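Structural overview
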Amino acid sequence: MTPAEIELMQTSANMLHGRGPEVATKMYDNFFSAHPELKVYFSTCFLGKQVADDGKTKTTLMGKVMAHILFQFCINIENLDKFKEDCERVSAKHVSRGIKPEFYPYLGDALILALKEVIGSEASEDVLVAWRKAYDHIASFFIETEKKLTAEVKDQPGGWEGFRKFKIVERVEEADASSFTTDSDDEFEETELRTIFKLEPVDGNKTLPVHKFGQYVCIRYHMGDVTTHRNYTLQSITDNKMVIAVKHMDEVPTSKYMLENWKEGFEVETSPPVGSFLLLESLSV
């Protein structure tokens, strides 16, 4: 990128301020409209739109996360090392979902169109050219990072690539109790019901990777005619079984389906363990 294009990217941070989630949400709308077959790779709970503080704009949780990434990208265009942690976190989720390199140009097209639609005349042709160059640059970084991570999780002892078939071998309902103290120093205890599922490979190879704190797996299964994906925190890997938990208060359709239909012997597909979960409350644009 030229110095002038880099400067345009940095000034674009002001252009995005307050409108980042709207741009990102519109980007995904454009992406799914042009390539509806790729919607299966994304969590439905991240795609539901909510009315923003202005009472008019509708954004998604996915849009909020991506807006944070776009904003950081703008202000750190000359020092992408500051952006590296965000990229690696997103790449881990992409690896868990099976995102392919050929998807990236599609998303780039959707982003440029969203900038035109939301930002309007502020998104001049020079600005859009700079954004496309910058996007292609960061896309190549994502692709290389995901290629490396895919090889790492595949080549580790017990690792694999893509999705591997597991079956439910044990289901346990339990109460998860936690205590807290109010401002007046009164102590209370909350009890939350959850279901523990233990998953065992069906291919006969029971060797699994060593569990690391904060990892998650992407679960893929069929709800009727719909194939769905969702990531769940990996509680542990014990006795050659992966252990996940689903809270009974979780209102997400995929979780409700799991609680109602996952019995012993039910088969699902799962990604290898990757990444660490991100606290979305810390994100703001």
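Residues numbered from 1 in each chain as written. Predicted model: local features only at pLDDT ≥ 70, side-chain atom pairs only at ≥ 80, totals over all residues. Heavy atoms only, no water.

Applying the stated criterion across every chain, the model contains 12 aromatic pairs. Ring geometry for Trp160 versus Phe166: centroids 5.7 Å apart, planes at 45°, classification tilted. Just as Trp160 is buried, Phe166 falls in that class too. Here Lys39 stacks its cationic end above the ring of Phe32, 5.8 Å away from the centre of that ring. (Phe/Tyr/Trp six-rings, centres within 6.5 Å; stacked < 30°, edge-to-face > 60°. Buried < 20%, exposed > 50% of the residue type's maximum accessible area, 1.4 Å probe, protein only. Lys NZ or Arg CZ within 6 Å of the ring centre and 35° of its normal.)

To continue, consider the pairing of strand E5 (residues 216-223). The pairing of E5 with strand E6 (residues 226-238) spans 8 bridges and is classified as antiparallel. Paired with Cys218 across the two strands is Asn231, which belongs to E6. A loop of 2 residues connects E5 with E6, the two strands running antiparallel in sequence, and Gly224 in this loop sits at a positive phi of about 65°. Bridge analysis of E5 against strand E8 (residues 267-270) gives 2 bridges, and the strand direction is antiparallel. Paired with Ile219 across the strands is Thr270, a residue of E8. (Pairing = 2+ DSSP bridges. Helix = DSSP H or I, 4+ residues; strand = E, 2+ residues; numbered from the N terminus.)

Turning to the packing of helix H4 (residues 61-75) against helix H7 (residues 125-155), a few remarks are in order. As a packed pair, H4 and H7 sit with axes 12 Å apart at the nearest point and diverge in direction by 105°. Between H4 and H7, the crossing angle belongs to the class labelled roughly perpendicular. Here Leu70, Phe73 and Cys74 of H4 lie close against H7, whose contacting residues are Trp131, Ala134, Tyr135 and Ile138. Residue composition of the contact of H4 with H7, by class: 7 nonpolar, no polar and no charged. (Axes fitted to C-alpha atoms, helices over the stretch in contact; angles between N-to-C directions. Parallel < 35°, antiparallel > 145°, perpendicular 65-115°, else oblique. Contact = heavy atoms within 4.5 Å. Nonpolar A, V, L, I, M, F, W, Y, C, P; charged D, E, K, R; others polar.)

To continue, consider the packing of helix H2 (residues 20-34) against helix H6 (residues 104-119). For any two helices packed against each other, one specifies the crossing angle of their axes together with the interaxial distance. Where H2 contacts H6, the axes come no closer than 8 Å and their chain directions differ by 130°. One way to sum up the angle between H2 and H6 is to call them oblique. Classified by chirality, the crossing of H6 by H2 is right-handed. Touching Glu22, Val23, Lys26, Met27, Tyr28, Asn30 and Phe31 of H2 are Tyr106, Leu107, Ala110, Leu111, Leu113, Ala114, Leu115, Glu117, Val118 and Ile119, all from H6. Looking at the contact of H2 with H6, its residues break down into 13 nonpolar, 1 polar and 3 charged. (Left-handed = near helix turned anticlockwise from the far one by under 90°.)

Moving on to the pattern of salt bridges. Pairs can form between side chains of opposite charge once their charged atoms are near each other. Considering all chains together, one arrives at 13 salt bridges under this definition. In this structure, the salt-bridge partner of Glu161 is Lys154, at a minimum N-O distance of 3.7 Å. What makes Lys154 partly exposed here is its relative accessible area of 43%. Among the ionic pairs, Arg220 bridges to Glu269, the shortest N-O distance being 3.0 Å. A residue pair is termed long-range when its members are at least 10 positions apart, and Arg220 in strand E5 and Glu269 in strand E8 qualify at 49 residues. Judged by relative accessible area, Arg220 falls into the partly exposed class, the value being 22%. It is possible to trace a salt-bridge network through shared partners that takes in Asp109, Arg132 and Asp136. (Salt bridge = Lys/Arg side-chain N within 4 Å of Asp/Glu carboxyl O.)

This paragraph deals with the confidence of the model for the protein. Summarising the model, the protein shows a mean pLDDT of 82, and 85% of its residues fall at 70 or more. Taken element by element, the protein is modelled with least confidence in strand E1 (residues 49-51), mean pLDDT 60, and with most confidence in H6, mean pLDDT 94. Predicted confidence for residues 278-285 stays below pLDDT 50, and this span has 17 contacts to residues more than four positions away or in other chains. (pLDDT = per-residue confidence, 0-100.)

Mapped onto the elements of the fold, Ala13 is located in helix H1 (residues 3-16). In this structure Ala13 comes out as buried when scored by relative accessible area, which is 5%. Between the C-alpha atoms of Ala13 and Cys74, which are 61 residues apart in sequence, the distance is 5.6 Å. Dropping the residues within four chain positions of it, Ala13 is found in contact with Phe71, Cys74 and Ile75.

Its place among the elements puts Ala67 in helix H4. Taking relative accessible area as the criterion, Ala67 reaches 1% and is therefore assigned buried. The spacing of Ala67 and Gly20 is 47 residues in sequence and 4.7 Å in space, taken between C-alpha atoms.

As a further point, take the nonpolar core. In terms of nonpolar packing, the biggest core is built from 48 residues, with Met9, Val23, Met27, Tyr28, Leu111, Leu115 and Trp131 touching the most fellow members. For this core, the secondary structure elements donating two or more residues are H1, H2, H4, helix H5 (84-97), H6 and H7. Residues contacting Leu111, with those up to four places away along its chain left out, are Val23, Met27, Leu70, Trp131 and Tyr135. In terms of nonpolar packing, the next biggest core, distinct from the first, is built from 18 residues, Trp160, Ile168, Leu234 and Val268 among them. (Core = buried A, V, L, I, M, F, W, Y, C linked by side-chain atoms within 4.5 Å.)

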